[in-house]
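Listed below, chain by chain, are the residues.
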Amino acid sequence: MSKYTKEDIFRMVEEEDVEFIRLQFTDIFGMMKNVAVTVSQLERVLDNRCMFDGSAIEGFVRIEESDMYLYPDWDTFQIFPWRPQQGKVARFICDVHYPDGRPFEGDPRNVLKRVLKKAKDMGYTFMAGPECEFFLFHTDEEGNPTTTTHEKAGYFDVGPLDFAENVRRDIVLCLEEMGFEVEASHHELAPAQHEIDLQYREGLRTADDVTTFKMTVKNIAKRHGLHATFMPKPQEGVNGSGMHINMSLMDEAGRNLFEDEKDEAGLSRLAYQFMAGILCHMKEMVLLTNPLVNSYKRLIPGYDAPNYIAWSVRSNRSALIRIPTARGSNTRIELRCPDSAANPYLALAACLAAGLDGIEKGMTPPPSVNRNIYAMAKEEKAAAGIEALPETLKEAMISFENSGLMREVLGDHIFDKYLEAKNREWKEFRAHVTDWEVDEYLYKY
């Protein structure tokens, strides 16, 4: 049930002098799209009567079946603080439906809602909290993005070393004005790299938050003459940007079902099963958590990103899944491979579906790995049953293509469209001659 009524929304629009409404949704890659209408169309918006051309959106429908309708989620009503304060701009995040009212199977938000419903039917509420990393770079004279930065700051540094301290401050204040609860923000390891951690929330709201967060960061950065990028690895020789996802399940009473104080590690049987499901299906779903050719430039040894499928009960950051030290109601697992280019709706749907599969099948995870996996010999990893994550987009595509679970989660429409697009991306990458190849081979051969 919505926290807002139609009357509430009309009242807020009038009191806040809102003139424009943006109806937002994402394509299958998580790219934000929107249709803008004036406030005179608000009645039509709230009655689900706003239509758009679905054939123009990547991965949606064919031209002969292009009419789609936007159903706004009233609880996502927000006013953009960075837009003019006279004649303000507000938005709704929308679900996409067919003209006959059926949810569109190619809408990523509907994919996540289906998996969340399955969890709810099993008695669980999925909770998630993202740790979003990004870079802030200069723009050129035409305003186009570069990978140039003048700063040399590192992990947790402050101004004057951290040149973007005030940018990050403005982002956080803007998010709070929009109703976000920001848990922390800081400079990350690489120069010009930053992290802002959002409130732990129910799964659908978390995915909505990530899409809104990215839009907010880019807009505030632009106001400061900078370009914000969520590209996983924009520069060689430094750490890439991840989006670690913290997860747990709650029951109807709000009790954390991953907690068990009687267990040596403080984890419940349900937590072990959920984690085992993710470990079991990780290769199949990494195409969703790490969706770009560039994603796999981040997942290499030496840059604080996991390369191997293992978990650790300690704060072992070389493991794919670690268990943060907080226990009790804050008990959770942290998946460390996802990056900020992922479509949050599809990534969270895959994580939840894999975890639920682990519960349904009573899976047991392998033993905790409490050593630095990067320092283990190949033979030691093999003896411990530790497998590597896919090293390229192509390897990830092969695992994804053979996954019955991923097809079930996404449905045939998104599964086929997504794989088709990634095949195109890989072919284009293979055909491209990189600067490295020219530098390495031109003078030799």
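What counts and what doesn't
Residues numbered from 1 in each chain as written. Predicted model: local features only at pLDDT ≥ 70, side-chain atom pairs only at ≥ 80, totals over all residues. Heavy atoms only, no water. Helix = DSSP H or I, 4+ residues; strand = E, 2+ residues; numbered from the N terminus. Buried < 20%, exposed > 50% of the residue type's maximum accessible area, 1.4 Å probe, protein only. Contact = heavy atoms within 4.5 Å. Areas by Shrake-Rupley, 256 points an atom, 1.4 Å probe, with all protein chains shown as cover. Lys, Arg positive; Asp, Glu negative; His and termini not counted. Charge placed at Lys NZ, Arg CZ, Asp CG, Glu CD. UniProt positions renumbered as here; feature names shortened; annotations may be inferred. Polar contact = N/O pair within 3.5 Å; in protein donor to acceptor, adjacent residues only side chain to side chain.

(A) Structural detail: the overall build of the chain. Counting its regular elements, the chain contains twelve helices and 17 strands. Each principal axis of the C-alpha distribution contributes one length, and for the chain these read about 70 × 55 × 50 Å. Within the chain, the proportion of its 445 residues that are buried is 54%. Residue pairs at least 24 apart in sequence account for 70% of intrachain contacts in the chain once pairs closer than 6 positions are excluded. Carbon and sulfur atoms make up 49% of the accessible area of the chain, which amounts to about 20,500 Å² in all. Measuring between centres, the 52 positive side-chain charges of the chain sit 2 Å from its 72 negative side-chain charges.

(B) A look at the UniProt feature "binding site: Mg(2+)" (unreviewed entry) in the chain. Here, the residues flagged by UniProt with the feature "binding site: Mg(2+)" (unreviewed entry) are Glu131, Glu133, Glu188, Glu195, His244 and Glu334. As for its placement among the helices and strands, Glu133 is situated in strand 7 (residues 125-138). Owing to a relative accessible area of 8%, Glu133 belongs among the buried residues under this scheme. Of the polar contacts made by the side chain of Glu133, one reaches the backbone nitrogen of Gly242; its length is 2.7 Å. Following the sequence through the fold, Glu188 ends up in the loop between strand 8 (182-187) and strand 9 (193-198). The residues touching Glu188, leaving out its near neighbours within four places in the chain, are Glu133, Gly154, Tyr155, Gln193, His194 and Glu195.

(C) View of the UniProt feature "binding site: L-glutamate" (unreviewed entry) in the chain. Here the UniProt feature "binding site: L-glutamate" (unreviewed entry) sits at Asn239, Gly240, Arg298, Arg317 and Arg336. By secondary structure assignment, the location of Arg317 is in the loop between strand 14 (311-312) and strand 15 (321-322). Note on Arg317: relative accessible area 39%, which makes it partly exposed. In this view, Arg317 contacts Asp304, Arg322, Arg336 and Tyr374; residues no more than four positions away in its chain are not counted. Along the chain, Arg336 falls in the loop between strand 16 (333-335) and helix 8 (344-360). For Arg336, a relative accessible area of 1% translates into the label buried. Non-local contacts of Arg336, meaning those with residues more than four positions away in its chain, are made with His244, Arg298, Asp304, Pro306, Arg317, Ala319, Leu320 and Arg322. Separated by 3.4 Å, the side chains of Arg336 and His244 make a polar contact.

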